[in-house]
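Architecture and fold: a report
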Amino acid sequence: QEWYGVERWFNGSSYMGEFSNGKKNGIGIYTGQDDRKYYGEWKDNCLNGYGMYQINKQKKYYGQFVMNYMHGFGEMIYGNTNSIYLGFWYRNKKEGFGVLFRKNNNKALIGFWKGNKMTGVGKLVVQGQKNVYGFWKDNKIDREILNQEEAYTILEQTSCGNYKVFFDMEYDSLLTYCSIIMNK
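Residues numbered from 1 in each chain as written. Predicted model: local features only at pLDDT ≥ 70, side-chain atom pairs only at ≥ 80, totals over all residues. Heavy atoms only, no water.

A separate point is a nonpolar patch on the surface. On the surface, Tyr4, Val6 and Met16 cluster together to form a nonpolar patch covering roughly 320 Å² of accessible area. Mapped onto the secondary structure, Tyr4 falls in strand β1 (residues 2-8). The exposed category is assigned to Tyr4, whose relative accessible area is 56%. (Patch = residues over 30% accessible without salt bridge, like charges linked within 9 Å, V, L, I, M, F, W, Y side chains within 5 Å. Areas by Shrake-Rupley, 256 points an atom, 1.4 Å probe, with all protein chains shown as cover. Salt bridge = Lys/Arg side-chain N within 4 Å of Asp/Glu carboxyl O. Helix = DSSP H or I, 4+ residues; strand = E, 2+ residues; numbered from the N terminus. Buried < 20%, exposed > 50% of the residue type's maximum accessible area, 1.4 Å probe, protein only.)

Given below as structure tokens:
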């Protein structure tokens, strides 16, 4: 049994969208009492598939969800710091390859993340300065790599050669790319 309807809670939250077998399934909109909003796909009462989640007025996530988690590829826009993270997520944490662009201080971190922290091969891009390649641990450079070629070699050895396009990006390209995303 499938239908379209509205569900409201006593706290002021609501869901409007598709139902199937008594559960939220399909496309729907959730509006919370605390500025939280979700537009996207649902499966068995869970955020599941692609959607847009507004956590508060300053923080929005566009991307994949699995069982209520930001999980897969997505982008988080942090309006209060004028920053954006574009990359992979695992259970609501930055995990895998990603780019954190900070427009306020003209910096970008490009590389691998684990548990919301840059960990592994990465690159620091600062406007008007030489790029810094290195191994990162807990958001800090642990060992600097001498040059871009050495970073590429490490990427190839770890089967991550597909990410070289981001390693090639300089500050101005990142600024243009991330500005487009932030103006959604």
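Let us look at the nonpolar core. Residues Tyr38, Tyr61, Phe65, Trp89 and Leu109 are the most contacted members of the largest nonpolar core, which totals 21 residues. Of all the elements in the fold, those that place two or more residues in this core are β2 (14-20), β4 (37-43), β5 (46-56), β6 (59-66), β7 (69-78), β8 (83-90), β10 (107-114) and β11 (117-126). In this view, Phe65 contacts Tyr38, Leu47, Asn48, Gly49, Gly51, Tyr53, Met70 and His71; residues no more than four positions away in its chain are not counted. Residues Tyr62, Phe101, Phe112 and Val121 belong to the second largest nonpolar core, which totals twelve residues. (Core = buried A, V, L, I, M, F, W, Y, C linked by side-chain atoms within 4.5 Å. Contact = heavy atoms within 4.5 Å.)

Our focus in this paragraph is the pairing of β4. Bridging between strand β3 (residues 23-31) and β4 involves six bridges; their strand directions are antiparallel. Bridging across to β4, Tyr30 finds its partner in Tyr38. In this antiparallel pair of consecutive strands, β3 and β4, the connection spans five residues, and Asp35 shows a positive phi of 75°. The pairing of β4 with β5 spans six bridges and is antiparallel. Pairing of Gly40 across the sheet is with Gly51, part of β5. (Pairing = 2+ DSSP bridges.)

What follows deals with the pattern of salt bridges. Evaluation of the coordinates by the stated rule reveals three salt bridges. Across the pair Glu7 and Lys24 runs a salt bridge whose closest N-O atoms are separated by 3.1 Å. Pair noted here: Glu7 is in strand β1 and Lys24 is in strand β3, with a separation of 17 residues, a long-range link. As a salt-bridge pair, Asp34 and Arg36 come within 3.0 Å of each other at their nearest N and O atoms. Classification of Arg36 as partly exposed rests on a relative accessible area of 28%.

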